[in-house]
Amino acid sequence: MTAIGAQAQQLLAHRRPQKSFFETLIRSLIILCVAIAVVLSSISICDGRWLFARGQLFGLWHFCTVSNDSVLKCVTDLSLAQVEGLSVGVIFIRSMVSFAVVVAIFGLELLMVSQVCDDANARRKWAMGSVLILVSFLLSATGVLSFSILVKDHLTFTGFTLTYWCEFIAAFLFFLNGISGLHINSLTHLRSRVGKI
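The rules behind these values
Residues numbered from 1 in each chain as written. Predicted model: local features only at pLDDT ≥ 70, side-chain atom pairs only at ≥ 80, totals over all residues. Heavy atoms only, no water. Salt bridge = Lys/Arg side-chain N within 4 Å of Asp/Glu carboxyl O. Helix = DSSP H or I, 4+ residues; strand = E, 2+ residues; numbered from the N terminus. Core = buried A, V, L, I, M, F, W, Y, C linked by side-chain atoms within 4.5 Å. Buried < 20%, exposed > 50% of the residue type's maximum accessible area, 1.4 Å probe, protein only. Contact = heavy atoms within 4.5 Å. Patch = residues over 30% accessible without salt bridge, like charges linked within 9 Å, V, L, I, M, F, W, Y side chains within 5 Å. Areas by Shrake-Rupley, 256 points an atom, 1.4 Å probe, with all protein chains shown as cover. Phe/Tyr/Trp six-rings, centres within 6.5 Å; stacked < 30°, edge-to-face > 60°. Disulfide = S-S within 2.5 Å. UniProt positions renumbered as here; feature names shortened; annotations may be inferred. Polar contact = N/O pair within 3.5 Å; in protein donor to acceptor, adjacent residues only side chain to side chain.

- In the annotation of an unreviewed UniProt entry, the entry for the chain reads Voltage-dependent calcium channel gamma-like subunit, and the organism field reads Hirundo rustica rustica.

### Points about the pattern of salt bridges
Line of reasoning, step 1. On inspection of all chains with the given rule, the structure shows one salt bridge.
Line of reasoning, step 2. The residue R27 makes a salt bridge to E23 at a minimum N-O spacing of 3.1 Å. You can see R27 and its partner E23 sitting in helix α2 (residues 21-47), four residues apart, about one turn around the helix.

### As for the nonpolar core
Line of reasoning, step 1. Counting residues in hydrophobic clusters, the biggest one holds 34 residues, and the most contacted among them are F58, L86 and F147.
Line of reasoning, step 2. Looking at this core, the elements that each hand over two or more residues are α2, β1 (49-53), α3 (86-116), α4 (122-150) and α5 (162-196).
Line of reasoning, step 3. Dropping the residues within four chain positions of it, F147 is found in contact with W50, L51, F58, L60, I93 and Y164.

### Some words on a nonpolar patch on the surface
Line of reasoning, step 1. A cluster of nonpolar residues, F21, F22, L25, L29, L32 and I36, forms a patch on the protein surface that exposes about 640 Å² of accessible area.
Line of reasoning, step 2. Inspection of the secondary structure assignment puts F21 in helix α2.

### What to know about the packing of aromatic side chains
Line of reasoning, step 1. Tallied over the full model, the rule gives nine aromatic pairs.
Line of reasoning, step 2. Judged by centre distance (5.4 Å) and plane angle (80°), the ring pair of W165 and F168 falls under edge-to-face. Placement of both W165 and F168 in helix α5 is noted, with a separation of three residues, approximately one turn of the helix.
Line of reasoning, step 3. The exposure class assigned to W165 is partly exposed, which follows from its relative accessible area of 26%.

### What about the state of the cysteines?
Each disulfide consists of one covalent bond between the sulfur atoms belonging to two cysteines.
Line of reasoning, step 1. The full count for this structure, using the stated rule, is one disulfide.
Line of reasoning, step 2. Two residues share a disulfide in this structure: C64 and C74, whose sulfurs sit 2.0 Å from each other. With the S-S dihedral at roughly 105°, the linkage between C64 and C74 falls on the right-handed side. Pair noted here: C64 is in strand β3 (residues 63-66) and C74 is in strand β4 (residues 72-75), with a separation of 10 residues, a long-range link.
Line of reasoning, step 3. A relative accessible area of 34% places C74 in the partly exposed class.

### Here's the deal with the UniProt feature "transmembrane region" (unreviewed entry) in the chain
Line of reasoning, step 1. UniProt's entry tags residues 25-45, 91-114, 126-150 and 162-184 with the feature "transmembrane region" (unreviewed entry), counted in the numbering of this structure.
Line of reasoning, step 2. Structurally, residues 91-114 is divided into 100% helix and 0% strand, and its ends, taken at the C-alpha atoms, are 35 Å apart.

### Some words on the side chain of T161
Line of reasoning, step 1. Within the secondary structure layout, T161 lies in the loop between α4 and α5.
Line of reasoning, step 2. Judged by its relative accessible area of 18%, T161 is buried.
Line of reasoning, step 3. Within polar-contact distance, the side chain of T161 engages the backbone oxygen of R49 at 2.4 Å.
Line of reasoning, step 4. Each residue touching T161, except ones within four places of it in the same chain, is listed here: R49, W50, L51, F52 and L57.

As structure tokens, then:
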């Protein structure tokens, strides 16, 4: 055997096993769903109008009332809503959900980089990205739950606006994809360890 042939065999021996089509598809779907969750959460935060009840619209940025002639009058002074703790609590909620989007973007970046750069640290990058997505879930869910607690006296199931449900679904997607990302990473790690034995 020539020296070139020996080197080629060594390179083939150290090469990582190829991913199956199913694994690549699942990882791509996780990345796609996280991207959708980031977009939904961003829209929800930017609009910020989360609850309509008794002619009043409660939001992250504005408090609005509907007058007799169906004109929406909005103010940024949330203390006018006469809901105890709303003006201070909304600052906390805005911070939580905004930070959730930022953390999710970093997690999404790690997920994508782990798929594009198939190096020795790809599994670690994927795991770190999945953990960041779970942190986004915790932050987002904290914001959604805190808002619901703050306006509990005005809550009706049909009063929640579409942007509130966008944030709720985004939180659910963050959880689902974070857990799925960690699970598929552990399954493929077990498969590669069994393959080495």
